[in-house]
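Now for the letters of each chain:
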Amino acid sequence: MEARQDAWRIYRESLPILVVSLAGGIFAGSVLGSEGMTEGFERFPGLLLLLPAFLATRGNVYGAMGARISSGLHQGMIDPEFSWDRRLVNAVAASFINGIGISVVIAVLSWGILHLLGRESARLVELVGIMLVSGVLTSVTLIFGLLGLVFASYKYGLDPDNLIGPIVTTLGDIFGVVFLFVAITVVGGIF
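Cut-off values and rules
- Residues numbered from 1 in each chain as written.
- Predicted model: local features only at pLDDT ≥ 70, side-chain atom pairs only at ≥ 80, totals over all residues.
- Heavy atoms only, no water.
- UniProt positions renumbered as here; feature names shortened; annotations may be inferred.
- Helix = DSSP H or I, 4+ residues; strand = E, 2+ residues; numbered from the N terminus.
- Axes fitted to C-alpha atoms, helices over the stretch in contact; angles between N-to-C directions.
- Parallel < 35°, antiparallel > 145°, perpendicular 65-115°, else oblique.
- Left-handed = near helix turned anticlockwise from the far one by under 90°.
- Nonpolar A, V, L, I, M, F, W, Y, C, P; charged D, E, K, R; others polar.
- Patch = residues over 30% accessible without salt bridge, like charges linked within 9 Å, V, L, I, M, F, W, Y side chains within 5 Å.
- Areas by Shrake-Rupley, 256 points an atom, 1.4 Å probe, with all protein chains shown as cover.
- Salt bridge = Lys/Arg side-chain N within 4 Å of Asp/Glu carboxyl O.
- Buried < 20%, exposed > 50% of the residue type's maximum accessible area, 1.4 Å probe, protein only.
- Contact = heavy atoms within 4.5 Å.

Under an unreviewed UniProt entry, the name given to the protein is SLC41A/MgtE integral membrane domain-containing protein, and the source organism is Natrinema pallidum. If you open the UniProt record of the protein and go to Subcellular location (unreviewed entry), you find "Membrane". According to the UniProt record, the Sequence similarities (unreviewed entry) comment for the protein is "Belongs to the SLC41A transporter family."

> How would you explain the UniProt feature "transmembrane region" (unreviewed entry) in the protein if you had to name every residue and give the values?
Listed under "transmembrane region" (unreviewed entry) in the UniProt record, and renumbered for this structure, are residues 15-34, 46-69, 89-117, 124-151 and 163-190. Annotated as 97% helix and 0% strand, the span residues 89-117 places its first and last C-alpha atoms 42 Å apart. Note that residues 163-190 is 96% helix and 0% strand, and that its end C-alpha atoms are spaced 39 Å apart.

> Outline the packing of helix α3 (residues 47-74) against helix α5 (residues 124-155), supporting the account with residue identities and numerical values.
In contact at an axis separation of 10 Å, α3 and α5 are set at 30° when each is read in the N-to-C sense. The angle between α3 and α5 falls in the class roughly parallel. Considering only the axes of α3 and α5, their crossing is right-handed. Its residues placed into classes, the contact of α3 with α5 shows 17 nonpolar, 6 polar and 1 charged.

> Break down a nonpolar patch on the surface for me, with residues and values.
Residues Phe82, Phe96, Ile97, Leu132, Val136, Val140 and Phe144 make up a contiguous nonpolar surface patch of about 620 Å² in total accessible area. When contributions to the nonpolar patch are tallied by element, the ones reaching two or more residues are α4 (86-116) and α5. With 4 residues, α5 is the largest single contributor of residues to the nonpolar patch. Of note, Ile97 is situated in helix α4. The exposed category is assigned to Ile97, whose relative accessible area is 58%.

> So what about the pattern of salt bridges? Which residues, and what values?
In the structure shown here, the tally under the stated rule is 1 salt bridge. Ionic pairing is found between Arg123 and Glu126, a salt bridge with its closest N-O pair at 3.3 Å. The exposure class of Arg123 is partly exposed, given its relative accessible area of 46%. By relative accessible area, which is 10% here, Glu126 ends up buried.

> Talk me through the packing of α4 against α5; I want residue IDs and the actual numbers.
The geometry of α4 relative to α5 is characterised by a closest axis approach of 8 Å and an angle of 150° between their N-to-C directions. Between α4 and α5, the angle falls in the class roughly antiparallel. Here the hand of the crossing between α4 and α5 comes out right-handed. Contacts from Leu88, Val92, Phe96, Gly99, Ile100, Ser103, Val104, Ile106, Ala107, Val108 and Trp111 of α4 reach α5 at Leu124, Leu127, Val128, Met131, Leu132, Gly135, Val136, Ser139, Val140, Ile143, Leu147 and Phe151. Considering only residue class, the contact of α4 with α5 consists of 19 nonpolar, 4 polar and no charged.

> Summarise the environment of Ala122; cite the residues concerned and give the values.
Structurally, Ala122 can be placed in the loop between α4 and α5. Along the chain, Ala122 and Phe41 lie 81 residues apart, while their C-alpha atoms are 9.7 Å from each other. Setting aside anything within four residues of it in sequence, one finds Ala122 in contact with Phe44, Pro45, Trp111 and Leu127.

Set out below in structure tokens:
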């Protein structure tokens, strides 16, 4: 009977965030399909190629960070608060560096693949600029958003492990697409 109660508890904790995740995905899709984004894809060929990788790596990098934070909370190694804790700072710094670094790598790989295939591409500096701006903005937002939600869920007796996946993917998709739009606007204004 205990296994059934555990399964029900996990379901109760996960269902509301899954519903929010669904709504967030629909919002991200509506931003992605907006006229401004379509114009950005036309102006900077290659963005559509790098978009899936960019969104996927938001989940990968910050999902790992969330798992480290959750494990630290469960083991009593991290307190559920924003403080200058060495483990917390190291996890945040590693995730920030990974998030920014992989954003630049995605831009360079996309540009290279398009050139190898003989397809039209935006200039490398444009793709790197767009990925750098959107990578920094999503990294900062995901770090603080994820930490706030993980700490709050833990303080209210919820298991962060049940929430990290949907939280990270939802925040990554929403803010990834929104900040990609912001980056297209910023880089479009510069170049």
